[in-house]
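One-letter residues, chain by chain:
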Amino acid sequence: MAHKLTTCTFCGVGCGLYLETAENRVVGVYPSMSHPTNAGRICVRGWNVHEVASSPDRLRSPLLRKNGQFQEVSWEEALVFIATRFREIRARFGPDAFAFFNAPRCSNEETYLLQKLARAVIGTNNVDHGTGVYCNNSINVLLDMIGVPATTNSLGELARSEVIIVDGVDLARQLPTVGGCVIRAKLNGAKLVVIATRRHRVAESADLFLQLKPGTEILLYGAMAKVIVDRGLMNLPFIRARCRGYEEFLERVRDFDLLFAAEGCGVPAEMIEAAALAYARARSAALLYSTGMEARDAESIQALVNLALLTGHLGKEGAGLFALNEQNNLQGVCDMGMLPDRLPGYRPVASPAARAAVESVWKRPLPETPGLAARALLTNQGQGKVKAYWLCRYDPVSTAFFGDAADSLQQADLVVIQHLFMTGTAQYAHVILPTTAFGEERVSFTSTERRIQLAEQVIEPPPGPLPAWEQLTRLARALGADWTYQSAGDVMDEIGRVVPFYSGAGYDNLAREYGRQWPCTNDRPLGTRILFSEDLSERPFKFVPVPRPAQAAAAPKDYPLTLVFGHSLYYWHQNVLIKHSETLKREYRILLLDYPDGFVEINSDDARQLGVRDGAKIRLRAPSGSAVSTARVTPEVRRGTIYVPYFVREVERQIVGSAEDGNQPVHVRVEKEAA
Ligand code: SF4
């Protein structure tokens, strides 16, 4: 038997684990004891995610739709067909009739080549990753305020934090080994503050649990900042030496009255004050928030970054901002430029100097206008604009949290999908290209702590599927490009020439340790554990004054409950890896034995008042529509809210999808339905 160190590619933590193999099968898994992030621990997904490779549902051959039916064809036929259709569509409609989207679980190499194909071969900036606008708010705010769009410190340092604030992210469900780090830090004496609408498992261990009303984070963080200012706990030496915009920020902070905020957030003033004092007085305090679906608008992230600047909790061990990505390579796909307005390395598309830097490597002129994002093109606004979609491991029909992507795909002249499996989206495809699975290729991913790591090849793929990077290379060559990559390592070498903070991340270096945290440069090949620990920032950090929001209007009398959306342990985000791993499917579906049609969660007191029993059929009625589901009665959700796991598409389609503004709170009432 052989065993090899690799990286779990399920979630953004990127735990180190060993895969044991025999006769071209994975026969064992065990965690790396010395990996700096997971240190001997992995979760149920890490133990079983390799099962995906041996799923009998794997696609084995390229499929081409002929006379309405998919037929197996050779790679050559599939690629010639795509290249021919690409040429026709480009000649007739121009480059912006194309859109290239991928999932935030694609490798760095396939992502880099996909956006290069779009920009340098086709000539469009219509590229995006499936997480879209929510994560981009975090990127844009961090770039603007601290100059780096990523987590500033390392997860292993949480053991040395005096105070940890966890905002909005259900760690136990989404990033389990991080949840374990936080709980162990708490047991070792750290003070734990949890801010969330839902009483999740980590909240149960909190010293302070601020169970706020949905969408009131700006008020909460503004009030915390005012407490810190009023008590004189600002870190003035840090502010004077490293920040700008402090005076303007102070002006705004004065508006955040503590009692007003307490009423608006539904959190006692003493708790807000205690959280603020704990954060400000700690020698090292870490602030963790989600960049994903639960993340709020840009202003709430600005309010949170202001707090870190006000207290100087940046650039030192055990402190920092943790912009947590649930998807395993959300950081990497953004680093690689899978953004309609940013080239690799976050260079703005609209900047001539930025384009020139990339053009000097690619030797091709680049389109100057920012592209359109997945959300815009796959919803009604996008209908008819795009004639050809390329979707790499992306299944928007099953997973996108907006409208119904099927409408846009149905109207396209060409839909190409790269995937392991027939997905909900595949029924709208003209061509499906089967990809290799975890363990069958050597590629890299970048974790939520900026750690660029190799996922190793431990078995040979079955005959048929090819690595996605190789498919893209062959297509680019069929379209006349001079791409010569022989391996994913060759692609990474080019990434190092285009993305300055990956310049030292060649495969030899990544393989030497447990990957490297960027910036990993030729001058700094061991990577960077803590950002800003030396005064490396070329420009000062920037406070952004955030206006105090008006007190949110109370829910209308007829619709007194507010919908809150989030992940569920059970069928985690319709995740394709869970669907195709026998063990995970069973683990994640256990609760669904009691609620076979899915469920929404309602607070026990609200349920008692409404006369709703656990397991009862209920109708959620909003002004925009209604949907039927099953009630799961639990004290975990806040009174006045209904928690809707993302997999309950019915509620999204019938109520949210037709609501006028997707960012506004959605209010509903509960009606009992006959069983
Ligand atoms: S926490 Fe994430 S990376 Fe670690 S084993 Fe679990 S799924 Fe894999």
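Right, let's walk through the structure included here. (Residues numbered from 1 in each chain as written. Predicted model: local features only at pLDDT ≥ 70, side-chain atom pairs only at ≥ 80, totals over all residues. Heavy atoms only, no water.)

## So, the overall build of the protein
Within the protein, the secondary structure is distributed over 24 helices and 28 strands. Relative to its length of 675 residues, the protein is compact, with a C-alpha radius of gyration of 25 Å against a globular reference of 26 Å. Projected onto the principal axes, the alpha-carbon positions of the protein cover approximately 70 × 65 × 55 Å. Expressed as a percentage of its 675 residues, the buried residues of the protein come to 63%. Sequence separation of 24 or more characterises 73% of the internal contacts of the protein that already satisfy a separation of 6 or more. About 25,300 Å² of surface is accessible on the protein, with carbon and sulfur atoms providing 48% of the total. The positive charge centre, built from 74 side chains, and the negative charge centre, built from 74, are 1 Å apart in the protein. (Helix = DSSP H or I, 4+ residues; strand = E, 2+ residues; numbered from the N terminus. Rg over C-alpha atoms; globule rule 2.2 N^0.38 Å. Buried < 20%, exposed > 50% of the residue type's maximum accessible area, 1.4 Å probe, protein only. Contact = heavy atoms within 4.5 Å. Areas by Shrake-Rupley, 256 points an atom, 1.4 Å probe, with all protein chains shown as cover. Lys, Arg positive; Asp, Glu negative; His and termini not counted. Charge placed at Lys NZ, Arg CZ, Asp CG, Glu CD.)

## A look at the nonpolar core
Soluble, globular proteins show a tendency: their nonpolar side chains are buried together. Counting 185 residues, the largest nonpolar core has Leu 288 and Trp 390 as its most contacted members. Trp 390 has contacts with Ile 82, Phe 86, Ala 99, Phe 100, Phe 101, Leu 114, Val 416, Gln 418, Leu 433, Leu 472 and Leu 475, leaving out every residue within four places of it along the chain. One finds Phe 101, Val 386, Leu 409 and Val 415 within the second-largest nonpolar core, a separate group that totals 23 residues. (Core = buried A, V, L, I, M, F, W, Y, C linked by side-chain atoms within 4.5 Å.)

## Notes on the site of the ligand
Near the ligand you find Cys 8, Phe 10, Cys 11, Gly 14, Cys 15, Ile 42, Cys 43, Arg 45, Gly 46, Pro 176 and Thr 177, and these make up its full shell. Per-class residue counts for the shell around the ligand are seven nonpolar, three polar and one charged. (Near = heavy atom within 4 Å. Nonpolar A, V, L, I, M, F, W, Y, C, P; charged D, E, K, R; others polar.)

## Looking at the side chain of Asn 603
By the element assignment, Asn 603 lies in strand 24 (residues 600-603). Taking relative accessible area as the criterion, Asn 603 reaches 6% and is therefore assigned buried. Within polar-contact distance, the side chain of Asn 603 engages the backbone nitrogen of Asp 605 at 2.8 Å. Among the polar contacts made by the side chain of Asn 603, one reaches the main-chain carbonyl oxygen of Val 637 at a distance of 2.8 Å. For Asn 603, the residues in contact, after removing those within four places along its chain, are Thr 634, Pro 635, Val 637, Arg 638, Arg 639 and Thr 641. (Polar contact = N/O pair within 3.5 Å; in protein donor to acceptor, adjacent residues only side chain to side chain.)

## Topic: unusual backbone geometry
The amide bond that connects Trp 518 to the next residue, Pro 519, takes the cis arrangement and shows omega of 0°. Structurally, Pro 519 is set in the loop between strand 21 (516-517) and strand 22 (541-542). Here the phi dihedral of Glu 23 falls at roughly 50°; this positive angle occurs in a residue that is not glycine. The topology assignment puts Glu 23 in the loop between strand 2 (16-22) and strand 3 (25-31). Positioned with a positive phi, Asn 24 is a non-glycine residue whose angle comes to about 60°. Tracing the backbone through its elements, the reader meets Asn 24 in the loop between strand 2 and strand 3. Residue class for Asn 24 comes out partly exposed when judged on its relative accessible area of 42%.

## Some points on the pairing of strand 18 (residues 431-434)
Neither face of strand 18 is open: one carries Val 431 and Leu 433, the other Ile 432 and Pro 434, and all of them are buried. In terms of strand pairing, strand 4 (residues 63-66) meets strand 18 through two bridges, oriented antiparallel. Within strand 18, the residue paired with Leu 63 across the bridge is Ile 432. Bridge analysis of strand 17 (residues 414-419) against strand 18 gives four bridges, and the strand direction is parallel. Residue pairing across strands places Val 416 opposite Val 431, the latter belonging to strand 18. (Pairing = 2+ DSSP bridges.)

## Things to note about the sheet that holds strand 21
Pairing in this open sheet of three strands is antiparallel, and the strands run 19-20-21 from one edge to the other. The open sheet has two edge strands with one neighbour each: strand 19 (443-446) and strand 21. Summarising the sheet, strand 19 and strand 20 (residues 451-455) pair through four bridges and their orientation is antiparallel. Each bridged residue has a counterpart across the sheet, and for Thr 446 the counterpart in strand 20 is Ile 452.

## Digging into the environment of Pro 31
Structurally, Pro 31 can be placed in strand 3. Here the alpha-carbon distance between Pro 31 and Leu 64, two residues 33 residues apart in the chain, equals 41 Å. In contact with Pro 31, not counting residues within four places along its chain, are Gly 16, Leu 17, Tyr 18, Asn 38, Gly 40, Arg 41, Ile 42 and Trp 47.

## Quick word on the pairing of strand 8 (residues 163-167)
Of all five residues in strand 8, five are buried; the element is thus mostly enclosed. Here strand 8 shows two buried faces, one formed by Val 163, Ile 165 and Asp 167 and the other by Ile 164 and Val 166. In terms of strand pairing, strand 8 meets strand 9 (residues 191-196) through five bridges, oriented parallel. Bridge pairing in strand 9 links Val 163 to Lys 191.

## Quick notes on the packing of helix 14 (residues 352-362) against helix 19 (residues 488-498)
Relative to each other, helix 14 and helix 19 sit at 145°, their axes nearing to 9 Å. In the crossing of helix 14 with helix 19, the sense of the turn from one axis to the other is right-handed. Residues Val 358, Val 361 and Trp 362 of helix 14 lie in contact with helix 19, whose contacting residues are Glu 494, Arg 497 and Val 498. Looking at the contact of helix 14 with helix 19, its residues break down into four nonpolar, no polar and two charged. (Axes fitted to C-alpha atoms, helices over the stretch in contact; angles between N-to-C directions. Left-handed = near helix turned anticlockwise from the far one by under 90°.)

## Looking at empty space enclosed by the protein
Throughout the structure, instances matching the rule amount to six cavities of 30 Å³ or more. Lining the largest cavity we find 21 residues, and of these Thr 9, Arg 105, Arg 393, Phe 438 and Leu 577 sit closest to its centre. Of all elements in the fold, only strand 19 and helix 21 (576-579) reach the threshold of two or more residues within the lining of the largest cavity. Looking at the lining of the largest cavity, its residues break down into 11 nonpolar, six polar and four charged. (1 Å grid on protein atoms, 1.4 Å probe; cavity = no way out; pocket = protein on both sides within 12 Å on 5 of 7 lines; lining within 4 Å. Points joined across faces, edges and corners; volume = space filled by probe spheres on them.)

## Section: the pattern of salt bridges
Using the criterion set out here, one finds 27 salt bridges in the structure. Close ionic contact of Glu 251 with Arg 254 constitutes a salt bridge, the shortest N to O distance being 3.3 Å. Exposure class is identical for Glu 251 and Arg 254. Each is exposed. Here the residues in one salt-bridge network are Glu 157, Arg 160, Glu 317 and Arg 529, joined through shared partners. (Salt bridge = Lys/Arg side-chain N within 4 Å of Asp/Glu carboxyl O.)

## Focus on the packing of aromatic side chains
Tallied over the full model, the rule gives 16 aromatic pairs. Geometrically, the ring pair formed by Phe 86 and Phe 98 is edge-to-face, given 4.9 Å between the ring centres and 75° between the ring planes. In this pair, Phe 86 sits in helix 2 (residues 75-93) while Phe 98 sits in strand 6 (residues 98-102), placing the two residues 12 residues apart along the sequence. Comparing Phe 86 with Phe 98 shows no difference in burial state: the two are buried. With 5.6 Å between their ring centres and 55° between their planes, Phe 501 and Tyr 502 make a pair best called tilted. Here the two residues Phe 501 and Tyr 502 agree in accessibility, since each one is buried. Put simply, the rings of Phe 86, Phe 98, Phe 100 and Trp 390 pair up and form one aromatic cluster. Positioned above the aromatic ring of Tyr 643 is the side chain of Arg 198, whose terminal nitrogen or guanidinium carbon lies 4.2 Å from the ring centre. The positively charged end of Arg 632 is found above the aromatic ring belonging to Phe 599, 5.8 Å away from the centroid. (Phe/Tyr/Trp six-rings, centres within 6.5 Å; stacked < 30°, edge-to-face > 60°. Lys NZ or Arg CZ within 6 Å of the ring centre and 35° of its normal.)

## Let's talk about helix 2
The periodicity of an α-helix, 3.6 residues per turn, causes residues three or four places apart in sequence to face the same way. Its 19 residues place the ends of helix 2 26 Å apart at the C-alpha level, agreeing with the 27 Å of an ideal helix rising 1.5 Å per residue. Within the sequence span of helix 2, burial applies to Trp 75, Ala 78, Leu 79, Ile 82, Ala 83, Phe 86 and Ile 89. The arc that holds the buried residues of helix 2, viewed along the axis, is 135°, so those residues lie on one side. Among the exposed residues of helix 2, those pointing more than 90 degrees away from its buried face are Glu 76, Ala 91 and Arg 92. Contact partners of the buried residues in helix 2: strand 6, helix 3 (108-122), strand 16 (388-392), strand 17, strand 18 and helix 18 (468-478). Looking at the residues trailing helix 2, positive phi occurs at Gly 94, about 90°. (Expected span 1.5 Å × (residues − 1). Arc of directions from axis to C-beta.)

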